[in-house]
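In case you want the letters, here they are:
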Amino acid sequence: MSIFSENTLNRAGEKGRQWLESLPNLVNQLAQQWDLADPKPMENLSYNYVLSAYRGDPPSPVILKIGLEPAEVKQEMAALQFYQGQGCVKLLETDNDKGALLLEAIKPGITLKTLFPQDDEAAVLIAAQVMKRLHSVPLTNPTAFPALINHLESLFKADKNVISEKHLNKAQTLAKNLLDSQAAPVLLHSDLHHDNILSHATEGWVAIDPRGVVGEPAFEIGTFIYNPIPDLLAQNNASAIMARRLKLFAELLEMDLQRLKNWAYVQAVLSACWDIEEGGSSNDYSIRCGMLIEGL
């Protein structure tokens, strides 16, 4: 069984199984609807069904993305429409009923992960530049997107008998304090790690897969700090790498170092909560990263 199928079944059970069985027919429908040629599944699928295809005359490469949860697809669609290609992949077509998005194909599409670990500081610089572009889009209607407190829901409802009570209590306390003292909000990507930043022939580096959450800019760096998974923790100096990243982000974004560290810790514990919800273990990668961040 592929990781994609396993993730889908762990996440959605019978509903997930039925969705997996429906995918070939769904792809055929969308190919006809949007005049797509040669749709092929991408490698290393995780939670969404993503295919490469061609469209138009002469044929141009595009990406077809189909999601199991309509609400998540709708949220990503709204974020893509908000950014309008500013630091982010461009949205071409949508179908809410089918949970489908048609996106530009980013070429050459090399991920930021290719710079790890040999050129990690350059990767931080690129990530900071992408963040600045995303956050520069004026947020005129904050209520159109989920608030950061909703994004953290799993952290506050986690079972202390399953996840480390010490880390959960600390993360909850930090999160409450951070939420109560946020800077002016922007629309956050909220999942901006190495595999979600790609090289674009004309735009430099751009983001994919935005979740679209309203909150302060300092939150954005957290996911990047403990990625790439699992490669970061395979390094003997993982703690030093995270410390350098935090310091660089603080300088490049002109933000408080301790606040960035606190958000990074909160997000590592949040990631552990999500892992558990999907059938993982509390003694996982995310908690180990949280412990390293805590010790910085």
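The sections below set out a description of the structure shown in this document.

About the criteria used
- Residues numbered from 1 in each chain as written.
- Predicted model: local features only at pLDDT ≥ 70, side-chain atom pairs only at ≥ 80, totals over all residues.
- Heavy atoms only, no water.
- Core = buried A, V, L, I, M, F, W, Y, C linked by side-chain atoms within 4.5 Å.
- Buried < 20%, exposed > 50% of the residue type's maximum accessible area, 1.4 Å probe, protein only.
- Helix = DSSP H or I, 4+ residues; strand = E, 2+ residues; numbered from the N terminus.
- Contact = heavy atoms within 4.5 Å.
- Polar contact = N/O pair within 3.5 Å; in protein donor to acceptor, adjacent residues only side chain to side chain.
- Disulfide = S-S within 2.5 Å.
- Phe/Tyr/Trp six-rings, centres within 6.5 Å; stacked < 30°, edge-to-face > 60°.

Structural notes on the nonpolar core
Judged by nonpolar contacts, the single largest core of 100 residues is most densely connected at Ile66 and Phe249. Ranked by residue count, the leading element in this core is helix H9 (residues 257–277), at 10 residues. Every residue in contact with Phe249, bar those within four places of it in the chain, is listed here: Val124, Ala127, Ala128, Met131, Ile221, Phe224, Ile225, Glu254 and Leu260.

Details of helix H10 (residues 285–294)
Buried within H10 we find Tyr285, Ser286, Ile287, Cys289, Gly290 and Ile293. Next to the buried residues of H10 lie helix H6 (165–180), helix H7 (222–225), helix H8 (238–253) and H9.

Some remarks on the environment of Gln182
Mapped onto the elements, Gln182 comes out in the loop between H6 and strand S7 (186–188). Sequence separation of Gln182 and Pro217 is 35 residues, and the distance between their C-alpha atoms is 8.9 Å. Within the local environment of Gln182, its side chain forms a polar contact with the backbone nitrogen of Glu216, the two atoms lying 2.9 Å apart.

As for the state of the cysteines
Taken as a whole, this structure holds zero disulfides when the rule is applied. Cysteine Cys273 remains unbridged, with the sulfur of Cys289 as its closest cysteine sulfur at 14 Å. Residue classification places Cys273 among the buried residues on the basis of a relative accessible area of 4%. Under the relative-accessibility criterion, Cys289 is labelled buried at 0%.

Some thoughts on the packing of aromatic side chains
The tally for this structure, following the rule as stated, stands at six aromatic pairs. Geometrically, the ring pair formed by Phe82 and Tyr83 is edge-to-face, given 5.5 Å between the ring centres and 75 degrees between the ring planes. Judged on exposure class, the residue Phe82 and its partner Tyr83 are both buried. Judged by centre distance (5.5 Å) and plane angle (90 degrees), the ring pair of Phe224 and Phe249 falls under edge-to-face. Here Phe224, found in helix H7, pairs with Phe249, found in helix H8; they are 25 residues apart in sequence, far enough to count as distant.

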